[in-house]
Amino acid sequence: VRFFVRKVKEYSRNSALDFNRFLSLRGLAGALEYNLKNEPLDVCVQTSSQDPNAHMTHSARTLSGGEQAFSTLCLIMAMWQLSVTPMRALDEFDKNMDSAYQRDSLRLLFDQFRMQKQRQFLVLTPLDYSSFIKELGISDDECKIHRLQAVQRVA
């Protein structure tokens, strides 16, 4: 039992550090507050990592659309270490993001993909990221893009 508790605390600490590190890519800051006794997880996001008086929230609803989407992506990625699955998927992670958030999100994702070569990643999005992928220096061997044909809707 003590081993399990120690491991949970270690993973909690690591995921909280990862969450803050991922957010810092966009100048945000954040914390994951675990209550291991009652099991809730509080997610805090601060809109500026440089300003201690910046807006701090426990509710993503008070963030802009891009901040919400990016902080959610950061949370997902911070929690990935708790899962040992060989395949990971994201569906429309980029919803409500402007191009700057999209570019930074792709950079963050591909950094993680490169560090976890033993896993496969599937990212579903209706957006065309060909130019961003080239701009980030991602080779065709690292990223396979499959485009589905447009759906023919019958009235």
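Structure shown above.
Residues numbered from 1 in each chain as written. Predicted model: local features only at pLDDT ≥ 70, side-chain atom pairs only at ≥ 80, totals over all residues. Heavy atoms only, no water.

Strand order across the open sheet formed by three strands is 1-2-3, with antiparallel pairing between neighbours. What marks the edges here is a single partner per strand, and that holds for strand 1 (29–34) and strand 3 (56–57). As defined by bridge partners, strand 1 adjoins strand 2 (residues 41–46) across six bridges and the pair is classed as antiparallel. Each residue of the ladder has a partner; that of L32, found in strand 2, is V43. Across the sheet, helix 1 (residues 2–24) lies against strand 1 and strand 2, angled at about 160° from strand 1, the strand it touches most. (Pairing = 2+ DSSP bridges. Helix = DSSP H or I, 4+ residues; strand = E, 2+ residues; numbered from the N terminus. Contact = heavy atoms within 4.5 Å. Axes fitted to C-alpha atoms, helices over the stretch in contact; angles between N-to-C directions.)

Next up on the list: the nonpolar core. With 30 residues, the main nonpolar core has F70, F93 and L109 as its most contacted residues. Of all elements in the fold, only helix 1, helix 2 (65–79), helix 3 (99–115) and helix 4 (130–135) reach the threshold of two or more residues within this core. Residue contacts for F70: discarding those within four places in its chain leaves F22, L23, L25, R26, L28, M97, Y101, D104, S105 and L108. (Core = buried A, V, L, I, M, F, W, Y, C linked by side-chain atoms within 4.5 Å. Buried < 20%, exposed > 50% of the residue type's maximum accessible area, 1.4 Å probe, protein only.)

Here helix 3 is 17 residues long and its end C-alpha atoms lie 24 Å apart, about the 24 Å a rise of 1.5 Å per residue gives. Listing the buried residues of helix 3 in full gives Y101, Q102, D104, S105, L106, L108, L109, F110, Q112 and F113. In this structure, the buried side of helix 3 is in contact with helix 1, helix 2, strand 4 (87–91), strand 5 (120–124) and helix 4. One side-chain oxygen of the residue at the start of helix 3 lies 3.2 Å from the amide nitrogen of A100, identifying that residue as D98. (Expected span 1.5 Å × (residues − 1). Polar contact = N/O pair within 3.5 Å; in protein donor to acceptor, adjacent residues only side chain to side chain.)

To continue, consider the environment of F132. Structurally, F132 is set in helix 4. For the pair F132 and R103, spaced 29 residues apart in sequence, the C-alpha to C-alpha distance is 6.4 Å. Other than its neighbours up to four places away in sequence, F132 contacts S99, Q102, R103 and L106.

What is shown is where atoms sit, not what they do.
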